[in-house]
Amino acid sequence: MNFLLTVLLIFSTNLVYAQNSEREVLRLKKGEYYYHYLTGDFPSAMNQLKQWRSSEGAIADEADVMEAAMLLSLGLHQKAHSIFIEIQQKGNDASSQAWLYLARRWFELGEYSSALDSIENINALDLKSEMLGEAQFMKAASYIALGEHKKAQEMITNMPRSSIWTGLARHNFILAMFAGNNSGQSLALLIEDATFYLPDTEEGRNLRDRINLISALHFLQSGKNRSAEKHLKNMSLAGPYTPAALLQYGWAKVEQGQFEEALQPWRELQTRFNRFDPEVMESMLGVPHVLELMNANTQALNIYEMTAKRLLSMKGLLLQINNGLAENSWLEDWVLTQSDQNWGWQADIETTLPFNDTSAVLQQLVSEKKIVNQMTEYRDLLILTEYLTEKEESLRLWITLVDKREQDSKTRVVLPVLEKASKELIQAKITLVQMQGLLQQSNEDVFALPSDREDIKINLLTRTAVSIEQLMKINKASRNVAVYQQRWARVKGVFLWQMNAKKASKQWEFKRQLVAMDRLIKKADIQLLETRLANRWSPASWQGMKAKVVTILTKTRALKKLAEQATVESKAALVVDSKDFLNGLTHRINDYLSQSRLSIARLYDEALQRYVATGELSDGEQQ
Amino acid sequence: MRITYLLLLSLMSSIGFAEPVQISGEALENKASANKAKAQTSQLSTKATSIKQSVLELNRDLYQLEEELLSPATTRAAVYFSLSYGEFFEPYSINITVDDKQPIQYLYTKRQVSALRQGAVQPLRNLNLGPGVHTIKAIAKGIDNNGKNRELVLEESVEKHDQPLYIELKIQDNKEIQSAELLISQW
């Protein structure tokens, strides 16, 4: 009975240990997955997820949410969507952080209902304030996008006043109010709050400029030029919205009849910003138009003519770039400037093109989200092609290595060496046993454990004893053997005394050496066992590997071919879009050119009419 | 003079209007080509998505294969590093040696430390260890909660059997002594 209980106890202890161990390994795998996820290494995170998937319960649910978020961030939103639907159907038990990541992706994709569903699963107490702010912003913005303005307003009221996320939510709400033709005190207060409670960071300042700009545009459209001017004046002169602000400020002044004040911002605009900017081009025609309004017709005519020349040279440059666009390396140059080597939506994409003539014209193109997505996709495909090429090469090297491992393993002579070592070890063990016997015997033996010197002395005593015995046998009267006999007995007695005195220390020393020898033999025994194990494990480094490598190599090659083809197609599509953009820009320039020429013609015509009517030209017109 | 003006005027007008007429002709072509391009872009995007999906799947296979090739299960030993709370210690680097060989060195970025603080576990390296007992020495360098440089040192033995060995080095806060300590666990 006792025996049974002991066995049961041992068995249950082992089982508990195994379960604990499994749980801990799972924890490590989960932690590793989070590490890759949080440091932005999504492909590695996906690898980890595969191992994690085999487990059940809450972990698997959380894995679902995280996988959906990752697939979304890698641009694979359709698969993510199907996982998300599954999660909703079977309920969920994932962390708030996971839901936030998922909500973020849905929000980026403009899937506001799905984003709201994800946010509903977040527990505010589980998130840090920064993350919570983002979640609240997404919720408010989603409500706005879905037309539920009251809910959005309540949400914004409950958000911390001076957070950037609150500012962004207010910005979206202001846009919604403009779209709904709301006006009045509440709108003015909202704009005031939105621009006042913002953090003093670059992001905060840019957002303030943006809110001011959209407000100004709204007021300009509704004919409230003074209000528009007030907002435009509050904008910085070195932000991303400065060109639009300068242009609109000029028009606001024109609307109020303050023509001279309108010219200054436009001159500034033309001096400081790219001539291909639509705002700059518009201001080129705006300046002579205002001069006309000021009745400075000659100056207006001169500027129209200068503008026409300028537009013609811009058009020439555009045509030149457009003709050589397929051979131009602007796209490759842009890819080379990217510091982030990851692919997918999480990659930190720099949208500024390297500085040259082509990029000066195409920079406007990169402000379009669709084109940036296309360019990012092209870059992703390039990275994937490079990755596949690298892996193909590495797999080829692995095949060589596996072959070498197999060859080495088959030609390696291990067993005879192990057998020889085993025999030597057995012999050593026998010797040890013999020596232990010797130690045992030493208790009984008078001359036990002699040293080399003592051994010589014993031999000498033995030989002397034989000589004395021989002399005694001969027994001549002239020889007194008794003296030798007494002397021998005396020497023997002293020697025996000495050896006996040293016996205990000798036994102790001998025992110590035997213990050390025993330890060495045991260590060698373990080493031999481990070497046998290592020999048994060694085929695992090559057996069945070649077939696996070859299968994956074939897959890699096929995929690489597809990726290369898609890269070529992607570049071709981008070139077509860039050409369309350049054609559009050329048409815009043509329009401006036509307008300036018409104005020139009109001014000449008016001068002609005046000449016909009065018979004289002004001084300027004569020139 | 008048004739010159009239000529100029007619010339200007013809140039001014000639181009917009041309544009409207091109505009129709452009619209058609834009629609075609849109369809092509969509197709291309689907193709790129499918390639990305396949690359992810291939990447998983490659990852497993490389793990098997580099360290078969029988000799595999994975070393992990984690940080529990990290209130009393922020790691800058870690140095690990196994049997005074196979040095592992790692320098941490802010992003990585932040990930570790959020409960992530860093996979430091997969090692190949033969059967038997091995000695692990680890030195974690960083700063304590007072901003002073600190080193946490550990030396322990681990035993390798025929199953993969998991070793976790963990920096854990000890509230009682208001300090952090480096611990090791193995499975």
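Residues numbered from 1 in each chain as written. Chains lettered and ligands numbered in written order. Predicted model: local features only at pLDDT ≥ 70, side-chain atom pairs only at ≥ 80, totals over all residues.

## Quick notes on the overall build of chain B
Then, in step 1: Across its full length, chain B carries two helices and eight strands.
Then, in step 2: Secondary structure elements of chain B, listed N to C terminal, follow the sequence α-β-β-β-α-β-β-β-β-β.
Then, in step 3: With 187 residues in all, chain B has 27% of them scored as buried. (Helix = DSSP H or I, 4+ residues; strand = E, 2+ residues; numbered from the N terminus. Buried ≥ 20, exposed ≤ 12 C-beta atoms within 10 Å, placed from the backbone.)

## A closer look at the overall build of chain A
Then, in step 1: Scanning chain A from terminus to terminus reveals 24 helices and zero strands.
Then, in step 2: In chain A, which comprises 623 residues, the proportion classed as buried is 32%.
Then, in step 3: When contacts within chain A are restricted to residue pairs at least 6 apart in sequence, those whose partners lie at least 24 apart make up 63%. (Contact = placed C-beta atoms within 7 Å.)

## A few points about the interface of chain A and chain B
Then, in step 1: Taken together, the contacts link 59 residues of chain A with 58 residues of chain B.
Then, in step 2: Secondary-structure elements contributing two or more residues to the side of chain A that touches chain B are α1 (2-38), α2 (42-53), α19 (369-411), α22 (481-537) and α23 (545-614) of chain A.
Then, in step 3: Ranked by residues supplied to the side of chain A that touches chain B, first place goes to α23(A) with 27 residues.
Then, in step 4: Along the lines of polarity and charge, the residues of the side of chain A that touches chain B split into 31 nonpolar, 13 polar and 15 charged. (Nonpolar A, V, L, I, M, F, W, Y, C, P; charged D, E, K, R; others polar.)

## Considering the confidence of the model for chain A
Then, in step 1: Taken residue by residue, chain A gives an average pLDDT of 83. The fraction at 70 or more is 91%.
Then, in step 2: Confidence, expressed as mean pLDDT per element, reaches its minimum in chain A at helix α24 (residues 619-622) of chain A with 56 and its maximum at helix α20 (residues 415-441) of chain A with 90. (pLDDT = per-residue confidence, 0-100.)

## Notes on unusual backbone geometry
Phi is mostly negative for residues that are not glycine, and the peptide bonds are mostly trans.
All names here are of chain B.
Then, in step 1: The phi angle at D100 is positive, at roughly 60°, despite the residue not being glycine.
Then, in step 2: Mapped onto the fold, D100 is located in the loop between β2 (89-98) and β3 (101-107).
Then, in step 3: Taking the C-beta count within 10 Å as the criterion, D100 has 8 such neighbours and is therefore assigned exposed.

## Points about the sheet that holds strand β4 (residues 121-128) of chain B
Residue and element names in this part refer to chain B.
Then, in step 1: Spatially, β4-β1-β7-β8 is the arrangement adopted by the four strands of the open sheet, whose pairing is mixed. With one partner strand each, in any of the chains shown, β4 and β8 (179-186) form the two edges of the open sheet. With direction set aside, neighbouring strand axes in the sheet form an average angle of 20°.
Then, in step 2: In this sheet, strand β7 (residues 165-174) lies alongside strand β1 (residues 76-84) in parallel orientation, the contact comprising eight bridges. The residue bridging S82 from the neighbouring strand is K170, located in β7. (Pairing = 2+ DSSP bridges. Axes fitted to C-alpha atoms, helices over the stretch in contact; angles between N-to-C directions.)

## Things to note about helix α13 (residues 242-255) of chain A
All names here are of chain A.
Then, in step 1: With 14 residues, α13 ought to run about 20 Å at 1.5 Å a step, and its terminal C-alpha atoms sit 20 Å apart, in line with that.
Then, in step 2: Most of α13 is tucked away, with 12 of its 14 residues classed as buried.
Then, in step 3: For α13, the complete set of buried residues consists of T242, P243, A244, A245, L246, L247, Q248, Y249, G250, W251, A252 and K253.
Then, in step 4: Structurally, α13 contributes buried residues whose contacts are with α11 (202-221), α12 (225-233), α14 (259-272) and α15 (278-293).
Then, in step 5: Within two residues after α13, G257 carries a phi angle of roughly 80°, on the positive side. (Expected span 1.5 Å × (residues − 1).)

## Some remarks on the nonpolar core
Then, in step 1: Ranked by size, the top nonpolar core spans 146 residues in total, and within it A:M70, A:L102, A:A103, A:A140 and A:L384 carry the most contacts.
Then, in step 2: Per element, the largest residue contribution to this core is 14 residues, and it comes from α23(A).
Then, in step 3: If we ignore the near neighbours within four places in the chain, the residues touching A:L384 are A:W343, A:A563, B:I51, B:K52 and B:V55.
Then, in step 4: Listed in part, the eight residues of the second largest apolar core include A:L395, A:V402, A:W542 and B:L62. (Core = buried A, V, L, I, M, F, W, Y, C linked by C-beta atoms within 7 Å.)

## Topic: the sheet that holds β3(B)
All names here are of chain B.
Then, in step 1: Ordered by their spatial adjacency, four strands build an open sheet running β3-β2-β5-β6, and the pairing between neighbours is antiparallel. Two strands in the sheet have a free side with no partner beyond their single neighbour: β3 and β6 (149-160). Strand-to-strand, the axes of this sheet are offset by a mean angle of 20°, without reference to chain direction.
Then, in step 2: Pairing geometry for β2 and strand β5 (residues 132-144), over nine bridges, is antiparallel. Across the sheet, residue S93 finds its bridge partner in β5, namely K141.

## Examining the pairing of β1(B)
Consecutive side chains along a regular strand alternate between the two faces of the sheet.
Residues and elements named next belong to chain B.
Then, in step 1: With respect to burial, β1 is a largely interior element, eight of its nine residues being buried.
Then, in step 2: For β1 and β4, the ladder comprises seven bridges, and the chain directions are antiparallel. The residue bridging S82 from the neighbouring strand is V121, located in β4.

## Examining the packing of α12(A) against α13(A)
Residue and element names in this part refer to chain A.
Then, in step 1: Between α12 and α13, the shortest axis-to-axis distance is 9 Å and the interhelical angle comes to 150°. By the criterion of interaxial angle, the relationship of α12 to α13 is roughly antiparallel. The element α12 and its partner α13 pack so that their crossing is left-handed. For the pair formed by α12 and α13, the contact residues are N225, A228, E229 and L232 on the first element and A245, Q248, Y249, A252 and E255 on the second.
Then, in step 2: Counted by class, the contact of α12 with α13 contains five nonpolar, two polar and two charged residues. (Parallel < 35°, antiparallel > 145°, perpendicular 65-115°, else oblique. Left-handed = near helix turned anticlockwise from the far one by under 90°.)

## Concerning the packing of α13(A) against α14(A)
Helix-helix packing is characterised by the crossing angle of the two axes and by the distance between the axes.
Residues and elements named next belong to chain A.
Then, in step 1: Here α13 crosses α14 at 165°, and the two axes come no closer than 7 Å. For the element pair α13 / α14, the angle class is roughly antiparallel. In the crossing of α13 with α14, the sense of the turn from one axis to the other is left-handed. Between α13 and α14, the residues in contact are P243, L246, L247, Y249, G250, K253 and V254 and F259, E261, A262, P265, W266, E268 and L269, respectively.
Then, in step 2: Among the residues making up the contact of α13 with α14, the classes are represented as 10 nonpolar, one polar and three charged.

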